Protein chains: 2
Amino acid sequence: MTGKFPDTVINRLTLYHCILVDYIKNNLETITSSTIAGLLEIDDSQVRKDISLLKNTGKSRVGYNVAELKISIEKTLGFERPKNAFIIGAGNLGMALANYNNFTDYGLNVVALFDNDKNKIGKRIKDKEICNIEELPSLADKLNIEMAILTVPMASAQSTVDFLVQSNIKYIWNFSPTVLIVPSGVKVWNENLMGNFLQFSYKIGK
Amino acid sequence: MTGKFPDTVINRLTLYHCILVDYIKNNLETITSSTIAGLLEIDDSQVRKDISLLKNTGKSRVGYNVAELKISIEKTLGFERPKNAFIIGAGNLGMALANYNNFTDYGLNVVALFDNDKNKIGKRIKDKEICNIEELPSLADKLNIEMAILTVPMASAQSTVDFLVQSNIKYIWNFSPTVLIVPSGVKVWNENLMGNFLQFSYKIGK
């Protein structure tokens, strides 16, 4: 399956979802496209167009029903199909991601962290154990896990990925600022933090 | 100033830059567009088109000169104009970003971290001190800093931003998964990690 929505639409839908979660916390029942547009500093027409792509999105005179719109986004983006993943590297970034509450809300379930540092192995981040990286192949096989979130230092990123590929990991969310070489059949998503920052700084001319 | 390149081009240029840095480390002098395209699994024609947008990019029979192409990307994206910023929140994510070597390579200079936790205040991450958040207004003024990287928990994100805005911070790179409300004149860039992940998981149908 390849997605039918472009990345920019998916990205905006996730931001709308953030706003809806806030609205539900504050017991607000309806929201207008212009409110969403105002919060995100984008065009009202863009918001309406994005929402029209979703299935079963009713709109009343006073705006969208917050709960319905939230569920509609979740169904479209597949939040309800949980995805299990390992975090590779229990440094600050790996720990931050393991602690990130929102992952489970969005259907991403971090099962365990892996590291090669004996001082870290056996410790826990919330309910997640830091395991010895040597155990990864057998655990990936036993738990049928195909997705890894890579947060190791740049210098060991490629060798770690080679090891993951040998362990039948098929999907890699890469936070290391390097371009990884993988065989066909393995998919890498580069979380290019500097690229994201540069888009921002370039736009504001700073 | 508004950028003339779309986000997608800037993002790809940063990835090309990653590859070029690797090439220089390995003492390789030339690279072809098809090598870059292969590593990133994109079209060769896309790479050539992106590079043609840069100034002063010579291409010989054997490919692009790695060092020249790297400098050309850096000039285009403004790496050589350093941007000073504070990190707000010295949790795992704030620490990870403070430790991120690549920031300085790309012209982002983290001057200090801020927190309200007395156990953290006064400690150092590399050469960067964790300061008391109460000191932020005077330090921002003294050091003329207008950019903040926000990594506080979601629940305190909005109140922290209100405080930053009062302290004349004009540019906020937001890692908290919430949509912030700011007055006009303040620019927010949402680092929507879940949105990025969902683009990946949506594409692979997992």
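Structure: see above.
The present account deals with the structure reproduced in this document. (Residues numbered from 1 in each chain as written. Chains lettered and ligands numbered in written order. Predicted model: local features only at pLDDT ≥ 70, side-chain atom pairs only at ≥ 80, totals over all residues. Heavy atoms only, no water.)

## Side note on the sheet that holds strand β2 (residues 59-60) of chain B
Residues and elements named next belong to chain B.
Stage number 1. Read across the sheet, three strands follow the order β1-β3-β2 without closing on themselves; strand pairing throughout is antiparallel. The strands lining the two open edges of the sheet, one partner per strand, are β1 (30-31) and β2.
Stage number 2. As judged from the two bridges shared by β1 and strand β3 (residues 63-65), these two strands associate in the antiparallel manner. Of the residues in β3, the one forming a bridge with threonine 30 is asparagine 65. (Pairing = 2+ DSSP bridges. Helix = DSSP H or I, 4+ residues; strand = E, 2+ residues; numbered from the N terminus.)

## Considerations on the relation of the copies chain A and chain B
Stage number 1. After a rotation of 180° and a shift along the axis of 0.0 Å, chain A superposes on chain B with an RMSD of 0.0 Å. In symmetry terms, the pair is related by a two-fold rotation axis. Nearest to the rotation axis, the C-alpha of asparagine 92 of chain A is located 2.4 Å from it, this being the minimum over chain A.
Stage number 2. When the interface residues of chain A are mapped onto chain B, 100% of them again fall at the interface, so both copies present the same face. (Least-squares fit on C-alpha atoms with pLDDT ≥ 70 in both. Contact = heavy atoms within 4.5 Å.)

## A word on the packing of helix α2 (residues 33-40) of chain B against helix α3 (residues 44-52) of chain B
All names here are of chain B.
Stage number 1. At a minimum axis distance of 8 Å, the contact between α2 and α3 shows a crossing angle of 120°. In this structure, the crossing between α2 and α3 has a hand that is right-handed. Between α2 and α3, the contacting residues are Ser33, Ser34, Ile36 and Ala37 on the first element and Asp44, Val47, Arg48 and Ile51 on the second.
Stage number 2. Residue composition of the contact of α2 with α3, grouped by class: four nonpolar, two polar and two charged. (Axes fitted to C-alpha atoms, helices over the stretch in contact; angles between N-to-C directions. Left-handed = near helix turned anticlockwise from the far one by under 90°. Nonpolar A, V, L, I, M, F, W, Y, C, P; charged D, E, K, R; others polar.)

## Digging into the interface of chain A and chain B
Stage number 1. Between chain A and chain B, the residue contacts involve 65 residues of the former and 66 residues of the latter.
Stage number 2. Summed over both sides, the interface between chain A and chain B buries roughly 6,400 Å², with carbon and sulfur atoms accounting for 67% of that surface.
Stage number 3. Between chain A and chain B we count two salt bridges in total.
Stage number 4. Glutamate 41 of chain B is the salt-bridge partner of lysine 187 of chain A, the closest N and O atoms lying 3.8 Å from each other.
Stage number 5. Remark: the boundary between chain A and chain B carries two residue pairs in polar contact (both at pLDDT 80 or more).
Stage number 6. At the level of secondary structure, the elements contributing two or more residues to the side of chain A that touches chain B comprise α1 (7-25), α2 (33-40), α4 (66-77), α5 (92-99), α6 (102-105), β9 (171-174), β10 (187-190) and α9 (193-204) of chain A.
Stage number 7. It is α9 of chain A that contributes the most residues to the side of chain A that touches chain B, 12 residues altogether. (Buried area = accessible area lost by both parts, 1.4 Å probe. Salt bridge = Lys/Arg side-chain N within 4 Å of Asp/Glu carboxyl O. Polar contact = N/O pair within 3.5 Å; in protein donor to acceptor, adjacent residues only side chain to side chain.)

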